Amino acid sequence: MAETMQSLDQLSTLKPAAPEAPKYVQKLDKQGRAYATGKRKNAVARVWVKPGKGTITVNTRAVEVFFARPVLRMLIQQPLVAANRSGQYDVICKVSGGGLSGQAGAVRHGLSKALTHFEPELRSVLKRGGFLTRDSRVVERKKYGRAKARRSFQFSKR
């Protein structure tokens, strides 16, 4: 039953201890790689990270071949640059769905998550940069009676 208290000093003894911050641990597979899934728009990227020379492979091709635009390559490199780990990890990705921009965003999201699985202390840096948040914006569906999602058909008086 509930205990009766004589003074306010006894209130602190009843209060439960504050919950500790969660401890993040390293998650590796049998080959010593960290795995994560990244998503953006309709694209899904499966990303493996392991220590190496800094090569990035996307769908068995070099990142320069798969993502020809420099902006997309820069987008993928952002988590490594923010964590100050460029050139230290080999990244292997399998990406499907969506267009090139969405796929690059999915690889960036997956790479950020895989880095936190490999080095949990990088979580605060990547979280501050906004790399661990999944960008939930997707294309709005087409409505009936409309030309597109919001565009109406052209109006004519005749």
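Structure shown above.
Residues numbered from 1 in each chain as written. Predicted model: local features only at pLDDT ≥ 70, side-chain atom pairs only at ≥ 80, totals over all residues. Heavy atoms only, no water.

## Describing the overall build of the chain
- Of the regular secondary structure elements, the chain holds 5 helices and 5 strands.
- The order of helices and strands in the chain, counted from the N terminus, is α-β-β-β-β-α-α-β-α-α.
- Relative to its length of 158 residues, the chain is extended, with a C-alpha radius of gyration of 24 Å against a globular reference of 15 Å.
- Along the first, second and third principal axes, the C-alpha set of the chain runs to 85 × 60 × 25 Å.
- Sorting the 158 residues of the chain into buried and exposed places 30% on the buried side.
- For the chain, long-range pairs separated by at least 24 residues make up 68% of all intrachain contacts whose partners lie at least 6 apart in sequence.
- For the chain, the computed accessible surface area is about 11300 Å², with 54% contributed by carbon and sulfur atoms.
- Each charge class in the chain was averaged separately, 32 positive and 10 negative side chains, and the resulting centres sit 18 Å apart. (Helix = DSSP H or I, 4+ residues; strand = E, 2+ residues; numbered from the N terminus. Rg over C-alpha atoms; globule rule 2.2 N^0.38 Å. Buried < 20%, exposed > 50% of the residue type's maximum accessible area, 1.4 Å probe, protein only. Contact = heavy atoms within 4.5 Å. Areas by Shrake-Rupley, 256 points an atom, 1.4 Å probe, with all protein chains shown as cover. Lys, Arg positive; Asp, Glu negative; His and termini not counted. Charge placed at Lys NZ, Arg CZ, Asp CG, Glu CD.)

## Let's talk about the packing of aromatic side chains
- In total, this model carries 3 aromatic pairs according to the counting rule given.
- With 5.1 Å between their ring centres and 45 degrees between their planes, Y35 and W48 make a pair best called tilted. On the criterion of sequence distance, the pair formed by Y35 in strand β1 (residues 34-40) and W48 in strand β2 (residues 43-51) is long-range, its members being 13 residues apart.
- Residue classification places Y35 among the partly exposed residues on the basis of a relative accessible area of 35%.
- Among the residues examined, W48 registers a relative accessible area of 16% and is labelled buried.
- Judged by centre distance (5.2 Å) and plane angle (75 degrees), the ring pair of Y89 and F118 falls under edge-to-face. One end of the pair, Y89, is in strand β5 (residues 89-96); the other, F118, is in helix α4 (residues 100-118), with 29 residues separating them in the sequence. With respect to class, Y89 is no different from F118; both count as buried. (Phe/Tyr/Trp six-rings, centres within 6.5 Å; stacked < 30°, edge-to-face > 60°.)

## Description of the sheet that holds β1
- The strand order across the open sheet formed by 5 strands is β1-β2-β5-β3-β4, and the pairing between neighbours is mixed. The open sheet terminates on both sides in strands that have one partner only, identified here as β1 and β4 (61-62).
- Across 7 bridges, the pairing between β1 and β2 is antiparallel. Along β2, the bridge assignment pairs R40 with A43. (Pairing = 2+ DSSP bridges.)

## Structural notes on the layout of surface pockets
- Approximately 200 Å³ is the volume found for the largest pocket.
- Together, 13 residues line the largest pocket, and R40, L75, G105, R108 and D135 are the ones closest to its centre.
- Those elements giving two or more residues to the lining of the largest pocket turn out to be β1, α3 (70-82) and α4.
- Top contributing element to the lining of the largest pocket by residue count: α4, with 4 residues.
- Looking at side-chain class alone, the lining of the largest pocket contains 3 nonpolar, 5 polar and 5 charged residues. (1 Å grid on protein atoms, 1.4 Å probe; cavity = no way out; pocket = protein on both sides within 12 Å on 5 of 7 lines; lining within 4 Å. Points joined across faces, edges and corners; volume = space filled by probe spheres on them. Nonpolar A, V, L, I, M, F, W, Y, C, P; charged D, E, K, R; others polar.)

## Some details on the pattern of salt bridges
- By the definition in use, this model includes 6 salt bridges.
- For D135, the salt bridge is made with R137, and the minimal N-O distance between the two is 2.8 Å.
- On the basis of relative accessibility, which here comes to 24%, the residue D135 falls in the partly exposed class.
- A salt bridge links E140 to K143, with the nearest nitrogen and oxygen atoms 2.7 Å apart. (Salt bridge = Lys/Arg side-chain N within 4 Å of Asp/Glu carboxyl O.)

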